[in-house]
Amino acid sequence: MSRVKTSKLKVITPANWGYRKVDIIFGRVRPARDQRWAMSGDLIQSERDGTVWEFQYRKDDMLHGWPVRDVQYRSI
């Protein structure tokens, strides 16, 4: 039996994953104008706990990225 290898996907629809695409302007988190796609390197914010991440890729059913620190979160 062979194992299927899934490639790393570099684009997601953030709303389907419980995230929103954001920009950091003068250290404050603001929602991005275009919410349709998030590409590798874009900033996304969890709608559940408000943490901000730099999206890297999606593999299988998991998102991978780096947390962003030292920003002021703003509830929307």
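Just above sits the structure.
Residues numbered from 1 in each chain as written. Predicted model: local features only at pLDDT ≥ 70, side-chain atom pairs only at ≥ 80, totals over all residues. Heavy atoms only, no water.

Asks: Just checking my understanding: could you explain the environment of Pro-67 for this structure?
Replies: Among the secondary structure elements, Pro-67 is positioned in strand β7 (residues 62-67). Taking C-alpha positions, Pro-67 is 7.5 Å from Thr-51, a pair spaced 16 residues apart along the chain. Ignoring anything within four residues of it in the chain, the contact list for Pro-67 reads Val-52 and Trp-53. (Helix = DSSP H or I, 4+ residues; strand = E, 2+ residues; numbered from the N terminus. Contact = heavy atoms within 4.5 Å.)

Asks: How should I be thinking about the sheet that holds strand β3 (residues 28-31) in this particular structure?
Replies: The strands making up a sheet associate through backbone hydrogen bonding, with each pair oriented either parallel or antiparallel. Read across the sheet, 5 strands follow the order β3-β2-β5-β6-β7 without closing on themselves; strand pairing throughout is antiparallel. The open sheet has two edge strands, β3 and β7, and neither has a second partner. For this sheet, the mean inter-axis angle between neighbouring strands, taken without regard to orientation, is 55°. The sheet contact formed by strand β6 (residues 52-59) and β7 spans 6 bridges and is antiparallel. Within the sheet, the bridge partner assigned to Phe-55 lies in β7 and is Gly-65. (Pairing = 2+ DSSP bridges. Axes fitted to C-alpha atoms, helices over the stretch in contact; angles between N-to-C directions.)

Asks: Help me understand the pattern of salt bridges, please; the structure alone is not making it clear to me.
Replies: For side chains bearing opposite charge, pairing can occur when the charged atoms are close. Evaluation of the coordinates by the stated rule reveals 2 salt bridges. A salt bridge links Asp-42 to Lys-21, with the shortest nitrogen-to-oxygen separation between them at 3.5 Å. Note that Asp-42 is positioned in the loop between β4 (38-39) and β5 (43-46) and Lys-21 in strand β2 (residues 19-25), a separation of 21 residues in sequence. Here Lys-21 falls in the buried class, since its relative accessible area comes to 14%. For the salt bridge of Arg-36 with Asp-34, the shortest nitrogen-to-oxygen distance reads 3.2 Å. Judged by relative accessible area, which is 58%, Arg-36 ranks as exposed. Judged by relative accessible area, Asp-34 falls into the partly exposed class, the value being 32%. (Salt bridge = Lys/Arg side-chain N within 4 Å of Asp/Glu carboxyl O. Buried < 20%, exposed > 50% of the residue type's maximum accessible area, 1.4 Å probe, protein only.)

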